[in-house]
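Summary of the model geometry
Spelled out, the chains give:
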Amino acid sequence: MSRLLAALLTCVAAAALATGAAFGIVAALDAAPEQQNVPLVTFPDPPTQGPSSTPGPGAG
């Protein structure tokens, strides 16, 4: 009976520890300041042109 009680207490303690850790992580993430969403790489916009007069690779 004492092993069953020890196993039950261990399970309850583990669940309480996991719950406390989860709430602690969420609280730490909420306390952190928001980061700016700045892209690391940017690509220039391609120049806008009218329709090309030369046939493309699929023509012919």
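A quick note: this is a predicted structure, and the numbers were derived from the prediction, not measured.

So, on to the overall build of the protein chain. Along its length, the protein chain carries 1 helix and 0 strands. For the protein chain, the residues scored as buried account for 0% of the 60 residues in total. When the accessible surface of the protein chain is split by element, carbon and sulfur atoms take 68% of a total near 6000 Å².

Before going further, it helps to spend a moment on a nonpolar patch on the surface. Residues Leu5, Leu8, Leu9 and Val12 make up a contiguous nonpolar surface patch of roughly 390 Å² in combined accessible area. One can find leucine 9 in helix 1 (residues 2-31). Of the residues examined, leucine 9 reaches a relative accessible area of 53% and is grouped as exposed.

When the UniProt feature table is mapped onto this chain, "signal peptide" (unreviewed entry) is found at residues 1-18. End C-alpha to end C-alpha, residues 1-18 measures 26 Å, and it is 94% helix and 0% strand.

Each value, and the rule that gives it
- Residues numbered from 1 in each chain as written.
- Predicted model: local features only at pLDDT ≥ 70, side-chain atom pairs only at ≥ 80, totals over all residues.
- Heavy atoms only, no water.
- Helix = DSSP H or I, 4+ residues; strand = E, 2+ residues; numbered from the N terminus.
- Buried < 20%, exposed > 50% of the residue type's maximum accessible area, 1.4 Å probe, protein only.
- Areas by Shrake-Rupley, 256 points an atom, 1.4 Å probe, with all protein chains shown as cover.
- Patch = residues over 30% accessible without salt bridge, like charges linked within 9 Å, V, L, I, M, F, W, Y side chains within 5 Å.
- Salt bridge = Lys/Arg side-chain N within 4 Å of Asp/Glu carboxyl O.
- UniProt positions renumbered as here; feature names shortened; annotations may be inferred.

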